[in-house]
Structure formats: C-alpha cells, structure tokens
Amino acid sequence: MEAREGSSKEIEVYLSVDVEPDCPPYLWTWRGIEEGMPKLIDLFTEEKVLATFFVTGDTASRYPQMVECLVENGHEIGCHGFSHHPFRTFDEERAMFEVAYTNSLLRKFAPVTSFRAPYLQLPERFLPLLAADGIRTDSSRAKYKFCDKPNTSAPTVQRLPVSATSSILRLPSFVRDPLLRWLRSPVVLFVHPWEFVDLTRHPIRVDCRFRTGDPALRDLRDVIRVLRDAGAAFRLVQDFREAKGN
Ligand SMILES: [Zn+2]
C-alpha cells in the first residue's frame, strides 16, 4: 500500500460491512445476519478494530438488536438504502424514501452521516438527496470501475470510493497480499455478513460463493493483520475528510 501523495506516510484504512440479506439479488435469506454477523463482531473485537456498517432499512427493522449491538461495540452505522434494490431503477421520490426512511430508522440508534448504495451504483443525480438528509460522505463509487466518473459539481457530499471488491479478500494470500500492498491510501475495503456463512453449495455466482464460511473469517483476520503490519491506521467513514485538490 502507498500513502497518498503529498500527505504524511500514514495509510488510512476504512473497513466496512454492507449489512443486507444474503447475496442479493440471488438469495434474499438472512443467514448472514443470524449466523455470520456474531462471528464478524467477535473478530473485530478480538482484533481491536472498528468498522463502518452500512445497514439497509429492511435489515434494521428486522434485527434492531443487531444494530444496537454494533453501536454498543463502538462501530459506525451508515445507510445502505432500504430495500437493496438498485438506485438506477428509482425515481426521485423512491430514492428519497430509501435514504430518508432508512436514516430515520438508523438514527434511533446513532448519528448517520455515511452512505453506500447497493451494488455500488448511485446515479449522480441523487447526490443532492443525500446532502439534504444529512449525509456527508458517499462511499458508492469504486476505484476499480474505470467508467465510474464522479460528478464534481455536487461538492456538498464528499466521496470515499471503494478500493477493491469484497471477493478479493478471499483469494489465496500469495495473490491477495500483493494486491493489498498495491492499493493507495485511503484504502476502503468491504465485506458482507453472508460471506461468513458457508454458501459454497448454493447456485450463485462463483465469486460470491468461493471460500465462504469459516475460511472467509480466517482470510479477513489475515487481511487485518497484513494491513496492520504495513502500518495502517484503521478509521471510520464518519471521520474521513477529503484532501484538498481530490
Ligand atoms: Zn449491498
């Protein structure tokens, strides 16, 4: 990993979790929340790291105690829309509902200033909706999608793009670790609770199912240790401040 040009040598790492039904749009069951999430929370506690959990409103209304547990453990709660349907299919009214209603549910537990759209797809026309509902940082863009151009005329919401897709963390270490070291600060990684449930026999995309379950948990622990050994400082999205000139 490399520190950002012109900044101090510190590498900022933002660990994040997209909290949603299992592997949408393929499964829509809840084993990730019920079986994967407790293991994930324990892992973060054992490794003494905090993460930003982007929670869908649907998940929060079904599992309020899980949200409470995240807040009690010091993690940040962010908004991941309500239904986990893609924002490109929404009109303005539906998009506003997905953001504002979910924020109203989540703000019963903690302040919410961070947002990530499902499938990392947010039409730029919806950025003002985020700002109007108190979102300061959007993490819906992906550095690895080359056609994903930001709208620089909407400066009220700062952008913190994702650095790598979640399945990369489950690759063998001899492939994964060089990729991790190649990423530039700020490094934004994400996982899903359903990756920590064994989905290897489910009829879903191979990148969604390979090495899911306990291997994925071991992989994430290794990733945290590799990053820590490389001098990473783990941060919450709510504390991100965009560098001038970005
Ligand atoms: Zn998602």
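Structural data are supplied above this passage.
To keep things clear, this report deals only with the structure shown in the data block. These figures come from a predicted structure and were not determined experimentally.

About the criteria used
Residues numbered from 1 in each chain as written. Predicted model: local features only at pLDDT ≥ 70, side-chain atom pairs only at ≥ 80, totals over all residues. Heavy atoms only, no water. Helix = DSSP H or I, 4+ residues; strand = E, 2+ residues; numbered from the N terminus. Rg over C-alpha atoms; globule rule 2.2 N^0.38 Å. Contact = heavy atoms within 4.5 Å. Areas by Shrake-Rupley, 256 points an atom, 1.4 Å probe, with all protein chains shown as cover. Lys, Arg positive; Asp, Glu negative; His and termini not counted. Charge placed at Lys NZ, Arg CZ, Asp CG, Glu CD. Donors = N, O, S within 2.8 Å, 3.2 Å for Na, K, Ca; no water. Buried < 20%, exposed > 50% of the residue type's maximum accessible area, 1.4 Å probe, protein only. Polar contact = N/O pair within 3.5 Å; in protein donor to acceptor, adjacent residues only side chain to side chain.

1. What about the overall build of the protein chain?
Helices and strands together make up the secondary structure of the protein chain, namely 8 helices and 8 strands. For 246 residues, the compact-globule estimate of 2.2 N^0.38 gives 18 Å, and the C-alpha radius of gyration of the protein chain, at 17 Å, lies within 12% of that figure. A principal-axis box enclosing the C-alpha atoms of the protein chain has dimensions of 45 × 45 × 35 Å. Contacts spanning at least 24 positions in sequence make up 70% of the contacts within the protein chain whose residues lie at least 6 apart. Only carbon and sulfur atoms are counted for the fraction: they give 54% of the accessible area of the protein chain, which is about 11400 Å². Each charge class in the protein chain was averaged separately, 33 positive and 34 negative side chains, and the resulting centres sit 4 Å apart.

2. Considering the coordination of the zinc ion
Within the protein, the atoms that donate to the zinc ion are Glu20 (OE), His80 (NE2) and His84 (NE2), at distances of 2.0 to 2.1 Å. Each donor residue of the zinc ion belongs to the same chain, with the gaps between them written as E-x59-H-x3-H. With Glu20 in the loop between β1 (11–19) and α1 (31–47) and His84 in the loop between β3 (76–79) and α4 (92–106), the pair connects residues that are 64 residues apart, well separated along the chain. Glu20 sits in the buried class, given a relative accessible area of 3%. For His84, a relative accessible area of 3% corresponds to the buried category.

3. Observations regarding unusual backbone geometry
Residue Pro24 is joined to Pro25 through a cis peptide bond whose omega torsion reads 5°. Mapping Pro25 onto the fold places it in the loop between β1 and α1. The linkage connecting Ser185 with the following residue, Pro186, adopts the cis geometry, with an omega of 0°. Of note, Pro186 is situated in the loop between α6 (173–182) and β7 (187–191). Its identity as a non-glycine residue notwithstanding, His84 has a phi of 60°, on the positive side.

4. Focus: the side chain of Asp177
Following the sequence through the fold, Asp177 ends up in helix α6. On the basis of relative accessible area, Asp177 is assigned to the buried category, the value being 11%. A polar contact of 2.9 Å, which involves the side chain of Asp177, links it to the side chain of Arg176.

Interpretation note: all reported values are geometric properties and have no functional meaning in isolation.
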